[in-house]
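A structural walkthrough
For reference, the chains in residue letters:
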Amino acid sequence: EQIEKGGYEHFMLKEIFEQPKSVHDTMRGRLLVEEGIIKMAGIFDHLERFNNAGRIIIIACGTSWHAGLIGEYLIEEFARVNVEVEYASEFRYRNPIITEKDVVIAISQSGETADTMAALKLAKEKGAFIYGICNVVDSSIARITDAGSYTHAGPEIGVASTKAFTAQLTVLSLIALKLGKHNGALSNSEFMSLITELDLLPKKIEEALQSTHDITKEIAKDFVETQNFLYLGRGYNFPSALEGALKLKEISYIHAEGYPAAEMKHGPIALIDENMPIVIIAPKKGHYDKLVSNVQEIKARKGKVIAVVNKGDQQVSAMADYVIEIPETSECFSPIIAAIPLQLLAYYIAVYRGANVDQPRNLAKSVTVE
Ligand code: G6P
């Protein structure tokens, strides 16, 4: 096992550090920047099916559901196709309206999650076109779907998903851009600038690992005894906040909630005092000014702000108690970079609390029962 961990203390840390490679592997052979094309065998034969879809419904559980939420933002923004995201467990039991024009995308690292599988079967019975985004090759979901695209993250052993999540976001980005290019929602120049940026992500993830590893480790020491955390973000980084909070609760057993930053005033603000740490994801591109106001509101109530910002940030950094700098990218890809320090922060807090990071209590890597 020590050999499999490749010198890292836990699989989770190894998998966090594998992300430059897993994102690269997920794009390899698909993203051809010089030719200006995205080649995805899984979607190529079905482009019209996607284009003519009444809507796309994404179903998933856990971390994969968070990837689905970001997928909704990506596909709606770039392909202008209507997307809904559903928890598989809710979808399957509420007699959902599904038509033969619908495309249902299941996202699942393991490809074995019982609720996701059951929801897919239901969609298939109703005649929808079903598409899989799985990590495990030849898994049950990969086998029952009409078509699909694998994430090439490699085996993920840590129960808390890390590299599978960023690989899912990579596949969803490729799909959204491919569809938008095909149906004309994206101009050629927009498409080119987005794929050029996408291609830079493995390098930027590497930079993010370097620039955030030591600081997250340091920050974690101050929160070992903390009981509650809030995570806030807006737009593409609202689901990042949900995922950051999920990582922390899964492995450290600290109660954490993710919220869209603008919703803070409708409830969570009542919780803020000098004992409440708030992780705020505030990259330059994406409602930055609004996030500055949110940080002011938090500081006025003496909350402790841990800010994830772009390198060289000034406004939020000047107010924050802790600053974590990540490289800048397009707003739509920023969750891929922001995931890195959020994973590391959760990891180190859990390690300092003496928790079993790779095998958290009560959780399973793949939930094959209801
Ligand atoms: C379990 C795992 C999570 C995962 C979820 C969905 O709860 O502990 O890490 O996100 O299942 O799993 P899937 O394999 O369908 O992505």
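Conventions we followed
Residues numbered from 1 in each chain as written. Predicted model: local features only at pLDDT ≥ 70, side-chain atom pairs only at ≥ 80, totals over all residues. UniProt positions renumbered as here; feature names shortened; annotations may be inferred. Core = buried A, V, L, I, M, F, W, Y, C linked by C-beta atoms within 7 Å. Buried ≥ 20, exposed ≤ 12 C-beta atoms within 10 Å, placed from the backbone. Helix = DSSP H or I, 4+ residues; strand = E, 2+ residues; numbered from the N terminus. Contact = placed C-beta atoms within 7 Å. Near = placed C-beta within 6 Å. Nonpolar A, V, L, I, M, F, W, Y, C, P; charged D, E, K, R; others polar. Axes fitted to C-alpha atoms, helices over the stretch in contact; angles between N-to-C directions. Parallel < 35°, antiparallel > 145°, perpendicular 65-115°, else oblique. Left-handed = near helix turned anticlockwise from the far one by under 90°. Pairing = 2+ DSSP bridges.

In the annotation of an unreviewed UniProt entry, the chain is listed under the name Glutamine--fructose-6-phosphate aminotransferase [isomerizing] and assigned to Marnyiella aurantia. The record held by UniProt for the chain lists under Subcellular location (unreviewed entry) the comment "Cytoplasm". Word for word, the UniProt comment on the chain under Catalytic activity (unreviewed entry) is "D-fructose 6-phosphate + L-glutamine = D-glucosamine 6-phosphate + L-glutamate".

In terms of nonpolar packing, the biggest core is built from 126 residues, with Ile59, Ile75, Val104, Ile280, Ala307 and Tyr347 touching the most fellow members. Ranked by residue count, the leading element in this core is helix α15 (residues 334-352), at 13 residues. Not counting chain neighbours up to four residues away, the residues in contact with Tyr347 comprise Met12, Leu13, Ile16, Ile251 and Val357.

Now for the site of the ligand. Close to the ligand lie 16 residues, the nearest being Gly62, Thr63, Ser108, Ser110 and Thr113. Broken down by element, the shell around the ligand gets its largest block of residues, three residues, from helix α5 (residues 62-79). Of the residues contributing to the shell around the ligand, the split by class is five nonpolar, ten polar and one charged.

Although it is not a glycine, Asn95 sits at a positive phi angle of roughly 45 degrees. Inspection of the secondary structure assignment puts Asn95 in the loop between α6 (88-92) and β5 (103-108). Judged by the 8 C-beta atoms lying within 10 Å of it, Asn95 falls in the exposed class. The residue Lys302 is not glycine, and still its phi comes out positive at about 65 degrees. On the secondary structure map, Lys302 appears in the loop between α13 (288-300) and β11 (304-310).

So, about the packing of α5 against helix α9 (residues 163-183). Angle between the axes and distance between the axes: these two values describe a pair of packed helices. Packing of α5 against α9 leaves a shortest axis separation of 9 Å and a crossing angle of 20 degrees. Between α5 and α9, the crossing angle belongs to the class labelled roughly parallel. Seen along the crossing, α5 lies across α9 with a hand that is right-handed. Note on element contacts: α9 touches α5 through Phe165, Gln168, Leu169, Leu172, Ser173, Ile175, Ala176, Leu177, Leu179, Gly180 and Asn183, opposite Thr63, Ser64, Ala67, Ile70, Gly71, Leu74, Ile75, Phe78 and Ala79. Here the residues of the contact of α5 with α9 are counted per class, giving 13 nonpolar, seven polar and no charged.

To continue, consider the sheet that holds β5. Read across the sheet, five strands follow the order β4-β3-β5-β6-β7 without closing on themselves; strand pairing throughout is parallel. Sheet topology places β4 (83-87) and β7 (147-150) at the edges, where each strand pairs with a single neighbour. Averaged over all adjacent pairs, the angle separating strand axes in this sheet is 20 degrees, with direction ignored. Relative to β7, strand β6 (residues 129-134) runs parallel, the two being bridged by four bridges.

The next point concerns the environment of Asp222. Looking at the secondary structure, you find Asp222 in the loop between α11 (201-221) and β8 (228-233). Taking the C-alpha atoms as reference points, Asp222 and Tyr352, 130 residues apart in sequence, are found 9.9 Å from one another.

Pairing is parallel in the open sheet, where five strands are placed in the order β9-β8-β10-β11-β12. In the strand order of this sheet, the two ends are held by β9 (255-260) and β12 (322-326), each with one partner. Neighbour-to-neighbour, the strand axes of the sheet open up by a mean angle of 20 degrees, direction not taken into account. Where β8 lies against strand β10 (residues 277-282), three bridges are found, and the strand directions are parallel. If you follow Leu230 over to β10, its bridge partner there is Ile278. Against the sheet, α11 touches β11 and β12, its axis set at about 165 degrees to β12. Strands in contact with α15 are β10, β11 and β12; relative to β12, the strand with the most contacts, it is inclined by about 135 degrees.

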